[in-house]
Amino acid sequence: MSEKSNKLTDFGFRFEKGGAHTSRTMMLDELKILFEYVNNPEAGREDFFRAITEENCLGKRSGKTRALTYRHLVELYALDPSILLYRALVYFWNRDPSGQPLLALLCTYARDGVFRLTAPYILPIAEGTPVSREGLEEFIEVQQPDRFSAATRKSTAQNINATWTRAGHLTGRVKKSRVRALATAGSVSYALLLGYLTGVRGRSLFKTEYIRLLDCPQDRTIELAEEASRKGWITFHRVGDVMEVLFPNLINPQEMEWLRE
């Protein structure tokens, strides 16, 4: 792992080849129920573990399933307010309900290597074009030859397609096709933050891989950043083509030191 990757893990990024999508989707429904049940932005892993495994807030049948559910949610979202990616997710989640599917997708993308692998396949597909599980399976096999058994590759492709569907990039139950996702002020802000943490600054923040996940034209992305700034979620200044984006509500002094190193 590179020095840059090591630093990004401090913020919550993960770079392992594996990921929860070999056995789960991004678990958006479970995350919504969990946050509604715990309803505390400062809650930590002990609180979530107790809610899932002891209080069974997600309605799982067995103790083993509850423990696995907790583990996968930690893999996808960290569930730790000391980790910036999670803390920022909760911040925008509570302020921008309509942006929750894309917020979950962005965090999943930053933390799940298997899912992240498929963005170059899904994003360039034109609106209205059919998207098959088999096509995604073939793409995964080309990217990582002989890594998965046929059965695992099939279930992984199903899970990944389901996540892209919940995020708004695909539509349909069995036969899926590409549609445009709906970006919001919160999801744009979170995408800008992820780019900022990787070292991107200024206008280039509106061209990162995280922004591309939003399916949003650049002019509209800038409008949504301006909206977020008016709401006080981020700080966005623009003079002509010169832009500055800051996150005073989200990045603490220790994290700013990490960014300066």
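This one's a predicted model, so the numbers in the text were calculated from it and none came from an experiment. (Residues numbered from 1 in each chain as written. Predicted model: local features only at pLDDT ≥ 70, side-chain atom pairs only at ≥ 80, totals over all residues. Heavy atoms only, no water.)

**A look at unusual backbone geometry**
Among all residues except glycine, the phi angle is most often negative; among peptide bonds, the trans geometry is most common.
And then number 1: Here Asn39, not a glycine, exhibits a phi torsion of approximately 50 degrees, which is positive.
And then number 2: Looking at the element boundaries, Asn39 is found in the loop between helix H2 (28-38) and helix H3 (45-54).
And then number 3: Under the relative-accessibility criterion, Asn39 is labelled exposed at 62%.
And then number 4: Of note in the backbone geometry, Leu79 takes a positive phi value of approximately 55 degrees without being a glycine.
And then number 5: Here Leu79 lies in the loop between helix H4 (63-77) and helix H5 (84-95).
And then number 6: Given a relative accessible area of 0%, Leu79 falls into the buried group. (Helix = DSSP H or I, 4+ residues; strand = E, 2+ residues; numbered from the N terminus. Buried < 20%, exposed > 50% of the residue type's maximum accessible area, 1.4 Å probe, protein only.)

**Structural notes on the pattern of salt bridges**
Two side chains that carry opposite charge are able to pair once their charged atoms sit near each other.
And then number 1: If you walk through the whole model with that rule in mind, you get 17 salt bridges.
And then number 2: Here Asp215 and Arg178 are joined by a salt bridge, their closest N and O atoms 2.7 Å apart. Of this pair, Asp215 sits in the loop between helix H12 (209-212) and helix H13 (218-230) while Arg178 sits in strand E3 (residues 176-178), and the two are 37 residues apart along the sequence.
And then number 3: Residue Glu226 is joined to Arg238 by a salt bridge in which the shortest nitrogen-to-oxygen separation is 3.9 Å. Pair noted here: Glu226 is in helix H13 and Arg238 is in strand E4 (residues 235-239), with a separation of 12 residues, a long-range link.
And then number 4: The exposure class assigned to Glu226 is partly exposed, which follows from its relative accessible area of 28%. (Salt bridge = Lys/Arg side-chain N within 4 Å of Asp/Glu carboxyl O.)

**With respect to the side chain of Arg153**
And then number 1: In this fold, Arg153 is placed in helix H10 (residues 150-167).
And then number 2: Accessibility expressed as a relative area gives 16% for Arg153, which makes it buried.
And then number 3: In terms of polar contacts, Arg153 uses its side chain to reach the backbone carbonyl oxygen of Phe148, at 3.2 Å.
And then number 4: Residues within four places of Arg153 in sequence aside, it is in contact with Glu137, Ile140, Glu141 and Phe148. (Polar contact = N/O pair within 3.5 Å; in protein donor to acceptor, adjacent residues only side chain to side chain. Contact = heavy atoms within 4.5 Å.)

**Remarks on the side chain of Thr221**
And then number 1: Along the chain, Thr221 turns up in helix H13.
And then number 2: Note on Thr221: relative accessible area 1%, which makes it buried.
And then number 3: Reaching out from Thr221, the side chain makes a polar contact with the backbone oxygen of Cys216 at a distance of 3.4 Å.
And then number 4: In this view, Thr221 contacts Val188, Phe206, Ile211 and Cys216; residues no more than four positions away in its chain are not counted.

**Considering the packing of helix H6 (residues 100-111) against H10**
And then number 1: One way to put it is that H6 packs onto H10 with a least axis distance of 8 Å and a crossing angle of 140 degrees. As the angle between them shows, H6 and H10 are arranged oblique. On H10, the residues that touch Pro101, Leu102 and Leu105 of H6 are Thr163, Trp164, Arg166 and Ala167.
And then number 2: Counted by class, the contact of H6 with H10 contains 5 nonpolar, 1 polar and 1 charged residues. (Axes fitted to C-alpha atoms, helices over the stretch in contact; angles between N-to-C directions. Parallel < 35°, antiparallel > 145°, perpendicular 65-115°, else oblique. Nonpolar A, V, L, I, M, F, W, Y, C, P; charged D, E, K, R; others polar.)

**Examining the sheet that holds E3**
And then number 1: Ordered by their spatial adjacency, 3 strands build an open sheet running E1-E3-E2, and the pairing between neighbours is antiparallel. Pairing within the sheet leaves two strands with one partner each, and these edge strands are strand E1 (130-131) and strand E2 (170-171).
And then number 2: When E1 meets E3, the two strands line up antiparallel, connected through 2 bridges. Counted as the bridge partner of Val131 is Lys176 from E3. (Pairing = 2+ DSSP bridges.)

**Things to note about the packing of helix H11 (residues 185-197) against H13**
And then number 1: The contact between H11 and H13 brings their axes to 8 Å, and the two run at 95 degrees. As far as their axial angle goes, H13 and H11 are roughly perpendicular. Contacts between H11 and H13 involve Ala185, Val188, Ser189 and Leu192 from the first element and Thr221, Leu224, Ala225, Glu227 and Ala228 from the second.
And then number 2: Looking at side-chain class alone, the contact of H11 with H13 contains 6 nonpolar, 2 polar and 1 charged residues.

**Considerations on the pairing of strand E5 (residues 242-246)**
And then number 1: Burial of E5 is one-sided: the residues Met243 and Val245 facing one way are buried, the residues Val242, Glu244 and Leu246 facing the other way are not.
And then number 2: Judged from the 5 bridges that link them, E4 and E5 form a sheet pairing that is antiparallel. Bridge pairing links Val239 to Val242 in E5.
And then number 3: Between the antiparallel neighbours E4 and E5 lie 2 residues, among them Gly240 with a positive phi of about 65 degrees.

**So, the nonpolar core**
And then number 1: Within the largest apolar cluster, 86 residues are counted, with the highest numbers of intra-cluster contacts made by Tyr77, Leu79, Tyr190, Leu192 and Ile234.
And then number 2: With sequence-adjacent residues up to four places away left out, Leu192 is seen in contact with Leu205, Phe206, Ile211, Ala225, Ile234, Val245 and Phe247. (Core = buried A, V, L, I, M, F, W, Y, C linked by side-chain atoms within 4.5 Å.)

**Examining the packing of aromatic side chains**
And then number 1: The tally for this structure, following the rule as stated, stands at 16 aromatic pairs.
And then number 2: Ring centres of Phe13 and Tyr210 lie 6.3 Å apart, and the angle between their planes is 65 degrees; this geometry places the pair in the edge-to-face category. With Phe13 in the loop between helix H1 (3-11) and H2 and Tyr210 in helix H12, this pair connects stretches of sequence that are 197 residues apart. Comparing Phe13 with Tyr210, the two get one shared label, buried. (Phe/Tyr/Trp six-rings, centres within 6.5 Å; stacked < 30°, edge-to-face > 60°.)

The values are spatial; any link to function lies outside them.
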